[in-house]
Amino acid sequence: MTATTPAASPHVMNTYGRVPIALARGQGCRVWDVNGKEYLDGLGGIAVNTLGHNHAKLVPALQDQITKLIHTSNYYHVPLQEQLAAKLVELSGMQNVFFCNSGLEANEAALKIARKFGVDKGIAKPEIVVYEKAFHGRSIATMSATGNPKIHSGFGPLVEGFIRVPMNDIEAIKKATEGNPNVVAVFFETIQGEGGINSMRVEYLQQLRKLCDERGWLMMIDEVQCGVGRTGKWFAHQWAGIVPDVMPLAKGLGSGVPIGAVVAGPKAANVLQPGNHGTTFGGNPLAMRAGVETIRIMEEEGLLQNAATVGDHLRAALQRELGSLPGVKEIRGQGLMLGIELNKPCGTLIGRAAEAGLLLSVTADSVIRLVPPLILTTTEADEIVAKLTPLVKAILAE
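Rules behind the numbers
- Residues numbered from 1 in each chain as written.
- Predicted model: local features only at pLDDT ≥ 70, side-chain atom pairs only at ≥ 80, totals over all residues.
- Heavy atoms only, no water.
- Pairing = 2+ DSSP bridges.
- Helix = DSSP H or I, 4+ residues; strand = E, 2+ residues; numbered from the N terminus.
- Axes fitted to C-alpha atoms, helices over the stretch in contact; angles between N-to-C directions.
- UniProt positions renumbered as here; feature names shortened; annotations may be inferred.
- 1 Å grid on protein atoms, 1.4 Å probe; cavity = no way out; pocket = protein on both sides within 12 Å on 5 of 7 lines; lining within 4 Å.
- Contact = heavy atoms within 4.5 Å.
- Polar contact = N/O pair within 3.5 Å; in protein donor to acceptor, adjacent residues only side chain to side chain.
- Buried < 20%, exposed > 50% of the residue type's maximum accessible area, 1.4 Å probe, protein only.
- Points joined across faces, edges and corners; volume = space filled by probe spheres on them.
- Nonpolar A, V, L, I, M, F, W, Y, C, P; charged D, E, K, R; others polar.
- Salt bridge = Lys/Arg side-chain N within 4 Å of Asp/Glu carboxyl O.

If you walk across this open sheet you meet the 4 strands as E13-E14-E17-E16, and the pairing is antiparallel. Both outer strands of the open sheet, strand E13 (328-334) and strand E16 (361-363), are each paired with one neighbouring strand and no more. Between one strand and the next, the sheet's axes are offset by a mean angle of 25°, whatever the strand orientation. Taken together, the 4 bridges between strand E14 (residues 337-342) and strand E17 (residues 367-370) define a ladder with antiparallel strand orientation. From the neighbouring strand, Gly-339 faces E17, where its bridge partner is Arg-369.

The feature "binding site: N(2)-acetyl-L-ornithine" (unreviewed entry), as annotated in UniProt, sits at Arg-138 and Thr-279 in this numbering. Restricting the annotated residues just mentioned to those that line the second largest pocket leaves Thr-279. Of note, Arg-138 is situated in the loop between strand E5 (127-131) and helix H5 (140-145). Assignment of secondary structure puts Thr-279 in the loop between strand E12 (260-264) and helix H9 (285-300). Each residue touching Thr-279, except ones within four places of it in the same chain, is listed here: Asn-74, Phe-98, Phe-99, Asn-101 and Glu-105. Of the polar contacts made by the side chain of Thr-279, one reaches the backbone nitrogen of Phe-281; its length is 3.5 Å.

A separate point is the UniProt feature "modified residue: N6-(pyridoxal phosphate)lysine" (unreviewed entry) in the chain. When the UniProt feature table is mapped to this numbering, "modified residue: N6-(pyridoxal phosphate)lysine" (unreviewed entry) covers Lys-251. Assignment of secondary structure puts Lys-251 in the loop between strand E11 (246-249) and E12. For Lys-251, a relative accessible area of 23% corresponds to the partly exposed category. With residues near it in sequence (within four places) discarded, Lys-251 still touches Ile-46, Ala-47, Val-48, Val-224, Gln-225 and Ile-259. For Lys-251, the side chain forms a polar contact with the main-chain oxygen of Ile-46, separated by 3.3 Å.

In this section: the layout of surface pockets. A volume near 880 Å³ is recorded for the second largest pocket. Every residue lining the second largest pocket is counted, 31 residues in all, and those nearest its centre are Gln-81, Asn-96, Val-97, Phe-98 and Phe-99. Counting residues per element, the ones that place at least two in the lining of the second largest pocket are helix H3 (79-92), strand E4 (96-100) and E12. A total of 6 residues in the lining of the second largest pocket trace back to one element, the largest contributor, which is H3. When the residues that make up the lining of the second largest pocket are grouped by side-chain class, the tally is 18 nonpolar, 12 polar and 1 charged.

Moving on to the pattern of salt bridges. With the rule as written, the count across this model stands at 25 salt bridges. When the shortest N-O distance is used, the salt bridge between Arg-289 and Asp-64 registers 2.8 Å. On the criterion of sequence distance, the pair formed by Arg-289 in helix H9 and Asp-64 in helix H2 (residues 58-66) is long-range, its members being 225 residues apart. Judged by its relative accessible area of 27%, Asp-64 is partly exposed. Residue Arg-296 pairs with Glu-300 through a salt bridge whose shortest N-O separation is 2.7 Å. One end of the pair, Arg-296, and the other, Glu-300, are both in helix H9, 4 residues apart, so they sit about a helical turn from each other. On the basis of relative accessibility, which here comes to 46%, the residue Glu-300 falls in the partly exposed class. Salt bridges here are not isolated pairs; linked through shared partners, they connect Lys-57, Asp-64, Lys-68, Arg-289, Glu-293, Arg-296, Glu-300 and Glu-301.

And the structure:
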């Protein structure tokens with residue numbers, strides 16, 4: 001593309017409302033488009049680019065792996081799978097891992113585990129508790145588990161077997177499942193991403209763990225967006241001191257290389273047997289190397305602490321500059337997963353922010369979402385606030 005060529009993709013299926021820019025390269029928390037314009041990346045590829053762009057330790061490791069093996073298939077053992085699985089087991093306190101390619105696939109696998117867990121117990125039609133405003137993917141099954149009518153529209157009939165409840169209300173889930181012998185699992189995000197950065201309360205998570213234990217249900221926690229260090233712990237549920245039975249991961253685990261994982265505890269670790277589930281690309285050597293190196297670099301560079309410290313700084317700065325404005329309902333989230341809820345739809349902010357040199361997103365129509373790379377500095381956090389503040393003021397004044 002020349003410097004004057006507009007961003008366009010006429011031969012690509014029109015499934016995204018794209019911002020009219022095309023990115024060409026990145027360094028750290030910054031990216032540049034094909035015309036040379038610079039942007040501060042407050043979106044991190046939607047919580048994917050954990051280590052930012054062109055990381056000095058990650059890139060050589062991936063280059064090294066490409067010269068060895070990219071793909072082999074799961075007919076054979078993949079040593080890097082065992083290496084990454086062992087590390088995830090260590091960090092989570094769980095038992096084993098299934099590898100796939102994305103968060104959607106990880107969530108699909110979790111739903112299959114729950115169903116087979118129930119069938120193995122003699123339940124002919126297993127049911128799974130899910131949540132209002134949840135987002136678990138866009139396949140038919142994960143879409144059915146998702147709590148957003150807009151995503152359901154046009155794709156009926158939905159998959160049956162889901163019971164939907166509100167967040168943070170233990171009595172609501174007890175009432176919704178009372179006398180129902182078919183319930184096998186509870187499936188939720190610790191912090192809802194697409195739903196608007198809505199957090200499960202610590203006390204509720206603890207109550208839910210107790211309820212699952214009492215009822216013999218699987219506790220399945222979708223950590224696809226809020227996991228892998230984003231909140232300042234490896235997994236967001238760890239702030240509540242609990243351990244799930246099933247935990248889908250993806251996004252930040254490969255720092256941009258497509259990857260998905262389902263981590264299982266003792267109750268779920270042996271539900272799937274040969275022939276029950278599989279994947280062609282999942283667990284390939286390149287993706288596994290990306291996961292191994294991402295975690296290694298995060299540990300070496302103290303990125304959990306950085307996510308917590310810089311996240312607190314960013315949230316405080318947003319609160320200081322925007323929190324008292326009429327029209328700002330709440331600033332919420334944890335670590336480097338933050339949402340600013342306005343009292344009006346603000347989807348146009350995505351394009352306006354890009355014009356101002358800042359990448360971000362808007363979820364649930366009125367929540368500005370910030371999920372930057374975990375290498376973000378306090379100086380860059382201040383720059384995000386400086387760029388964002390006048391844009392929010394302008395849209396509230398309209």
